[in-house]
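Listed below, chain by chain, are the residues.
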Amino acid sequence: MSVANPAILKLTVRNHPGVMSHVCGLFARRAYNLEGIMVRPVRDNKQLSRMWLLVNEEERLQQLIRQTEKLVDVICVEPHAMEGSAFEATQEYFV
Amino acid sequence: MTELATPTRAAADSLPTETRLDVAAPQTRELSGARLLIELLERQGVTCIAGVPGGANLPMYDALSHSPISHVLARHEQGAGFIAQGMARITGQAQVCFASSGPGATNLLTAVADAHLDSVPLIAITGQVPQAMIGTDAFQEIDTFGLMLPISKHNYLVRSAAELLEVIPAAFELALSGRPGPVSVDIPKDVQNEIISVTDLPAPGVRAPDPVVADEPVLAMIERIQAASKPVLMIGGGIVYAGATDALRRFAERLDIPAVQTFMGLGVLPSDHPLSLGMLGMHGAPYTNLVLEECDLLVGLGVRFDDRATGKVAAFCPNAQFIHVDIDNSEIGKVLQPVQSIVADVGSVLELANRMLEEQRNTKWRQRVDQLKNDHPLDLDGKDELFRPYGAIAAVAALVDDNANITTDVGQHQMWVAQAYPFVRPRQWISSGGLGTMGFGLPAAIGMALAAPDHKTICFSGDGSLMMNIQEFATAAEHNLDLKVIVLNNNHLGLVRQQQTLFYEKNLSAVKFEQRTDFPAAARAMGMKGIDLSDFENPQQALQQALNEPGPCLINIPISETEMVFPMVAPGGANKDMIVSEKPDAANPAGASK
Ligand SMILES: Cc1ncc(C[n+]2csc(CCOP(=O)(O)OP(=O)(O)O)c2C)c(N)n1
C-alpha cells in the first residue's frame, strides 16, 4: 500500500440505505484522509454491514474514531491490524 | 399536552366493561401515512408547528387541519425553521417545522444548520416527490437527504408509512438525547398517502438515559481543582441545556471559583454575581481574558472550546491545564488536550460533586481576580445615552423586568447585548452563536413569544439582519404576540464595517445601505406597530410606552455607524491581544500593561 501510516478501522453498521453517505460525508466534512473503503452486508445477519476503512490520520485517529462512533447508524468501531483485514486479502485487486 | 402524550391504553382502563371487551382485541385502524405522522406528533406532545405548505406536503397539511396541533404559517420556510427553534430554545423540548420539497426544503436548510451548531432539538419534516419519481429530476425534486446530511444530527428518508412508526419516535429521541440537535425527516408524497393498518402506536420518543457517573473521576476532578491555586470555571450552553444552573451555582460558590461564560452560557451566573467574570473571548471584557492568562486550571463545563471563545488555541490559557466535562465524547480532545475529561451529563457530574466536595475559600486568587476586574473593566462607553448602543440596551433593560426573554440578530448589536445586558437566568438569552445567522432574531422571537406567552420577548436587531427575515412581521402581527423588535439602526452592516475599519485600512466595501429602509413603516405595512424614537420629544417615555404596551412593536433607534464593539480580538489572534480602540496607536493589547 502506498499510504504512509495507514490505520485500519473495522466498523459494524446498520445495513441501511444512507449509512455509506453518513460515513463518507463525515470524512469529507471533517477533512479526514480516507484511503480505502470496503463494505458488504454481514454474512449471517442481513441487518448489519461490515465496513472496512483505511485512513491516514495518525494524529487525529482518536478524534476520528469518536466522531465516527457518534454516527447513529454506526454500531461499533474497532481499530484493526493490516494482518487479517479485508485490505490485506485484496491487495492484488488494486494494482 | 400531557393528555395527548398519555398512551391510549391508560384511557382504555377507564372505559365501561362492555366496551373493554373490544379493547382486549386491539383495534386496528386504516390510516394514511400523513394521518399517522400527525398522530405520532400529537403523542410526542407537539402542540404547535411552524411551516409552509406546498405540493409535496399537501397530505400532511390535510391531516394537520383535523388535529388539535396548531399551525403557524410562516412567510418563508427559513422563518418557520427559526420559529420552531425559538420554541425549542425556550422550552428545551423538541419542536417541529414543516416545509414542502425542493425550494421549501432548501429554504429550511439555514435554520437546520443553525440548530446543528447550537445543539437545538429541531425536527424538520419535509415533503418529497413520490418515490417513483425520485432520481428523475421531477418538479421540485431535490436531494433533501443529501443536503440535510452534513447539517443535522441525523436524517431520514422515509420509505413506507410503516417506517414512520419507528422513525418519528426515533427522531425525537435523537433530537433530545445526549447533546441535542436537529433531525431531518423527508417523507415522499406516496408514503404520506399510503394507507396502512395500524394496531398499536409506539411509545413517544424521549431523551435516552444519560450515562451513569462514577464517583472516582468526579473525586479526581475535585482533587485537581482543590490542588490548583488559580482555578477558573468555563461555563457553556451545556449547562443551560442540562438544566444544571442551580448545581453549577452551588458548585462554584462552595469551591469559591470564578467563572467565565461562553456566549451560549450567558445567564447561568447572574451578571452581578460575585463569581461571574462575564463573557470570554473575541468580545470579552479585558479582565475576563486577562484572568485566563493567569489561571492555572480551567474547568470546561458543557463547552466546546469554540474559536470565538478561545482565540488562537495555542495561546489560550497559556499557564493552565484543562479539565473537560461534556456529554459529547467527540468534543473531548477536538480542540485541546485536557488532563482529565468526563463524558457525562454535566448536571449529574455537578450534583455528584456537590455531595462530595468540601467547601473552600480561594481568598488570594479571588483578590487577584477582583484587582484585575477593577484595573481592566469593560468600558460601556455611552451607557447613559439613549441613542448610543450601550445606552439603548441599558434603557431597555431598566424598563423591562427579569421576566423578559432576550434574543438578537447577528452583528455588532448582538455583541453589545451579549456584553452588556444584565442576564439573570438560563434560557433568558437566545441567540445564533455557532452559525451566526443574520435573520435569526425576528422569527426566533416569534417562537419564543409563542412558547412563553407570559414573558415579554425582546429582539435586538440590526438594520442589515432585520431585512433578512422581515417578512415575519406579518406572522408576529397575525398572532398578536407581545414582542418588541429594537433596531439599533446604523444603516450599515456594522460588524463588517468594523472589521474593514480595523483590519482593511478603512477600505469600506459594500457595507452602506444607499437606500434606507423605513422600518416603522414596514412594520405598520404588515400589521405591527412601529415607532422611531428620534421622532419623539421625549424618546425615553416613548420607549417606555412602547415596551409596556402589549403586542408586537418595532422600535427604531438610530445610532452612529462609527460605533464599535470593543474589546475585539482579531480573528485568529490571541485573546490577550485585545483591540480596545480604533486608533492604531491605542490598539496595543490591554494585556501589555504588566
Ligand atoms: C446570513 C448572513 N450573511 C452574512 C453574514 C456576515 N455578517 C456578519 S455581521 C454582518 C452585518 C450585520 O449588520 P446588522 O444586522 O445591521 O448589524 P450591526 O452589525 O450593524 O449591528 C454581516 C453581513 C452573516 N453573519 N449572516
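Residues numbered from 1 in each chain as written. Chains lettered and ligands numbered in written order. Predicted model: local features only at pLDDT ≥ 70, side-chain atom pairs only at ≥ 80, totals over all residues. Heavy atoms only, no water.

**Quick notes on the domain arrangement of chain B**
Residues and elements named next belong to chain B.
So, step 1. Along its sequence, chain B is carved into domain 1 (29–198), domain 2 (215–375) and domain 3 (389–558).
So, step 2. Taken over C-alpha atoms, the centre of domain 2 sits 31 Å from the centre of domain 3.
So, step 3. Across the contact, 14 residues belong to domain 2 and 16 residues belong to domain 3.
So, step 4. Summing both partners gives a buried area of about 1,300 Å² for domain 2 against domain 3, and 63% of it is carried by carbon and sulfur. (Domains from an automatic or database assignment. Contact = heavy atoms within 4.5 Å. Buried area = accessible area lost by both parts, 1.4 Å probe.)

**Here's the deal with the interface of chain B and chain A**
So, step 1. Listed by partner, the interface residues are 14 residues for chain B and 14 residues for chain A.
So, step 2. Across the interface of chain B and chain A, roughly 1,200 Å² is buried in total on both sides, 56% from carbon and sulfur atoms.
So, step 3. Of all residues in chain B, Leu 149, His 154 and Ser 330 of chain B bury the most surface against chain A, accounting for 39% of the area lost on that side.
So, step 4. Linking chain B with chain A are one salt bridge.
So, step 5. For Asp 328 of chain B, the salt bridge goes to Lys 70 of chain A, with nearest N and O atoms at 2.7 Å.
So, step 6. Where chain B packs against chain A, one counts seven residue pairs in polar contact (both at pLDDT 80 or more).
So, step 7. Classifying every residue of the side of chain B that touches chain A gives five nonpolar, five polar and four charged. (Salt bridge = Lys/Arg side-chain N within 4 Å of Asp/Glu carboxyl O. Polar contact = N/O pair within 3.5 Å; in protein donor to acceptor, adjacent residues only side chain to side chain. Nonpolar A, V, L, I, M, F, W, Y, C, P; charged D, E, K, R; others polar.)

**Looking at the sheet that holds strand S19 (residues 529–532) of chain B**
All names here are of chain B.
So, step 1. Pairing within the open sheet is parallel, and its six strands lie in the order S16-S15-S17-S18-S20-S19. At either end of the open sheet lies a strand with only one pairing partner, and these are strand S16 (429–430) and S19.
So, step 2. Pairing analysis gives two bridges linking strand S15 (residues 405–408) to S16, with the strands arranged parallel. What sits directly across from Ile 406, in S16, is Trp 429. (Pairing = 2+ DSSP bridges. Helix = DSSP H or I, 4+ residues; strand = E, 2+ residues; numbered from the N terminus.)

**A short note on the packing of helix H18 (residues 389–399) of chain B against helix H25 (residues 539–548) of chain B**
Residue and element names in this part refer to chain B.
So, step 1. It is at 10 Å that the axes of H18 and H25 come closest, and there the two elements cross at 50°. Relative to H25, H18 is oriented oblique. For the element pair H18 and H25, the recorded crossing hand is right-handed. Of the residues in H25, those in contact with Ala 395, Val 396 and Leu 399 of H18 are Gln 540, Leu 543, Gln 544, Leu 547 and Asn 548.
So, step 2. Across the contact of H18 with H25, the residue classes tally to five nonpolar, three polar and no charged. (Axes fitted to C-alpha atoms, helices over the stretch in contact; angles between N-to-C directions. Parallel < 35°, antiparallel > 145°, perpendicular 65-115°, else oblique. Left-handed = near helix turned anticlockwise from the far one by under 90°.)

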